[in-house]
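Chain and residue survey
Spelled out from the first residue to the last, the chains are:
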Amino acid sequence: MPAPRRLGALAHSPTLRFTLPVMLENTLTIFIGLVFSRIISTISGSALAAIGMANTVMAVIFSLFSMVTTGAAVLVSRQIGAGEGAAAADTIEQGGFLSLACSAGMTALCLLTAQPLLRLLMPTAEDQLFSEALRYYDMLMLSLPAYVLHGMLSSAARSTGDSRSPMAVALLMNLSQIAFAYLFIDVLPLQEVGAGLSYVCCRLVGAGLMLGALVRDHRFFVLRLRNMLRPRGATVRRILRLGLPVSAESLFVQVGYMLANSMSISLGTFESSVYQVMNTLNTFLTLPQGICSTVGLSAVGRLLGAKTYRAAKRTGRWIWLAGIGATLLLSAIVLVFRVPLAGVYTSNPLEVESAASLMWILLVMDVAGVSINAIDAQLRAGGDVRYVMVVTLTAVWLIRLPLTYLFCFVWDWGVLGIYLANTISLYYRAILGLVRHGGQRWMTRRV
């Protein structure tokens, strides 16, 4: 095929049309996150570290709901690929029921245990750092039900092949977050409480808009909101059978990150600030990871549902290669501008120098990270969730955490030790995932 015809075919390919909105959505979300972090850094010298700790706890809690978001997304992608629209509608409705019922109970539990939990995770934190984290955490937890519902609905929409609606909702949601942050932090000086309240408001906006988009979309099914209040045991069990291993995997990964944050605080305020600056900048480098995960699960899942196995594997490999290329490009940009970028999030020249000198480890780490996100999502789409879970648990608890303790507290490598331990565990996961993907069993499992 001549080059112009190949390019024309690529431009009109369903995968590319699906991917472009996902790219825009993830880019916007990360950019808004960086802007929001910049706003937070103006509250106080320790605010970024305090809010980083609370956000890590939220990530751990949200990971529990992978049982709903990923379980429903895998089922919907397979059902749409097989032409089972009514079953897909039932999955989304029951996903909504699980999202609201479980997250409401979790919110109450988190608010009741806020102070002892944060004190456990931040035993050596200074009074100001701890009080800032606690005020922000209390408000942030109120956004959990809307956060979970929005995540489930967005994943379900992408599983139908619709990536434009989640992108449009994410645009409005993120712009509203900045507007609310300006109102609650700059106009009304609510500081950490205002930062948390901005999340509550923007996530309510996102959940409402995403629900409206799915209710209006009649291409494959008709959703009935009243069914979200009526549990159906068979569908709930099917979602949980796929989702619980993913939830366990995601939970232990996020616990690992939470413990790494806790260890960074134990290293002292300076090391903790350097770690948070690097984590903030790393969100830019992880942009391809979210894209590869979303596209891999949806595109490969629908191809597997249609039983076009060769096309599923070929598409999956191209997604992985594209992710590697994009990660290398973004890493080169960050390495070139590492000093001014670090200076955006701290005014301490020693923290800037330290973060900039360690930036190379992010490149090495994120090559493995994008491989994991691209390949593991495809294995989950095939129903191979237990394999991914076992590999992940081994990597986090038998490799990463012991090495983190060794590198940081025995050999005194500081922030470098935290990232190096994570890098080693990520390469273990990436290699085993690629080996599994090279076989056939993951594509033919029943879901």
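Residues numbered from 1 in each chain as written. Predicted model: local features only at pLDDT ≥ 70, side-chain atom pairs only at ≥ 80, totals over all residues. Heavy atoms only, no water.

1. Examining the overall build of the chain
Our working rule: Under the scheme used here, helices are H or I runs from DSSP no shorter than 4 residues and strands are E runs no shorter than 2 residues, and both carry numbers assigned from the N terminus. All radius of gyration figures rest on C-alpha atoms, and the globule criterion is 2.2 Å times the number of residues raised to 0.38. Here the term buried applies to any residue with accessible area under 20% of the maximum for its type, exposed to any over 50%, and partly exposed to those in between, with areas from a 1.4 Å probe on protein chains only. Only heavy atoms matter for contacts: two residues are in contact if any of them lie within 4.5 Å across the pair. Note on areas: Shrake-Rupley with a 1.4 Å probe; residue coverage comes only from the protein chains shown. Counted charges follow a simple rule, with Lys and Arg positive, Asp and Glu negative, and His plus the chain ends left uncounted. By convention, the point assigned to a charge is CZ for Arg, NZ for Lys, CD for Glu and CG for Asp.
Of regular secondary structure, the chain possesses 19 helices and zero strands. Against the globule reference of 22 Å for 447 residues, the chain gives a C-alpha radius of gyration of 21 Å, in line with a compact fold. The C-alpha extent of the chain, read off along each of the three principal axes, is 55 × 50 × 45 Å. Per-residue burial over the chain gives 55% buried out of 447 residues. By sequence separation, contacts in the chain at least 24 residues apart represent 84% of the contacts at least 6 residues apart. Per element, the accessible surface of the chain, about 18,600 Å² overall, is 67% carbon and sulfur. Counting 34 positive and 20 negative side-chain charges, the chain places the centres of these two groups 19 Å from one another.

2. Regarding the pattern of salt bridges
Short version of the rule: One speaks of a salt bridge when a side-chain nitrogen belonging to Lys or Arg is within 4 Å of a carboxyl oxygen belonging to Asp or Glu.
Within the structure shown, the criterion is met by four salt bridges. A salt bridge links D217 to R219, with the nearest nitrogen and oxygen atoms 2.9 Å apart. Of the residues examined, D217 reaches a relative accessible area of 14% and is grouped as buried. With a relative accessible area of 47%, R219 lands in the partly exposed category. The closest approach of N and O atoms between D376 and R429, which form a salt bridge, is 3.7 Å. One end of the pair, D376, is in helix α17 (residues 360–381); the other, R429, is in helix α19 (residues 415–437), with 53 residues separating them in the sequence. With a relative accessible area of 6%, D376 lands in the buried category. On the basis of relative accessibility, which here comes to 10%, the residue R429 falls in the buried class.

3. A short note on the packing of aromatic side chains
Note the following rule: Classification of ring pairs uses Phe, Tyr and Trp, with its six-membered ring standing for Trp, and accepts pairs whose centres are within 6.5 Å; under 30 degrees between planes counts as stacked, over 60 as edge-to-face, and the remaining range as tilted. Two limits define a charge over a ring: the Lys NZ or Arg CZ must be within 6 Å of the ring centre, and within 35 degrees of the ring normal.
With the rule as written, the count across this model stands at eight aromatic pairs. Ring centres of F62 and Y147 lie 4.1 Å apart, and the angle between their planes is 20 degrees; this geometry places the pair in the stacked category. A residue pair is termed long-range when its members are at least 10 positions apart, and F62 in helix α3 (residues 47–63) and Y147 in helix α8 (residues 144–159) qualify at 85 residues. Between F407 and W413 the ring centres are 4.9 Å apart and the planes differ by 20 degrees, which places this aromatic pair in the stacked class. The class for F407 is buried, based on a relative accessible area of 6%. Looking at W413, the relative accessible area reads 38%, which means it is partly exposed. Here a set of aromatic residues connected by ring pairs shows up, and it is made of F407, W411 and W413. Directly above the ring of F130 sits R119, whose terminal nitrogen or CZ lies 3.8 Å from the centroid. Over the face of the ring belonging to Y387 we find R436, whose NZ or CZ atom lies 4.1 Å from the ring centre.

The analysis is restricted to geometry; functional conclusions fall outside its scope.
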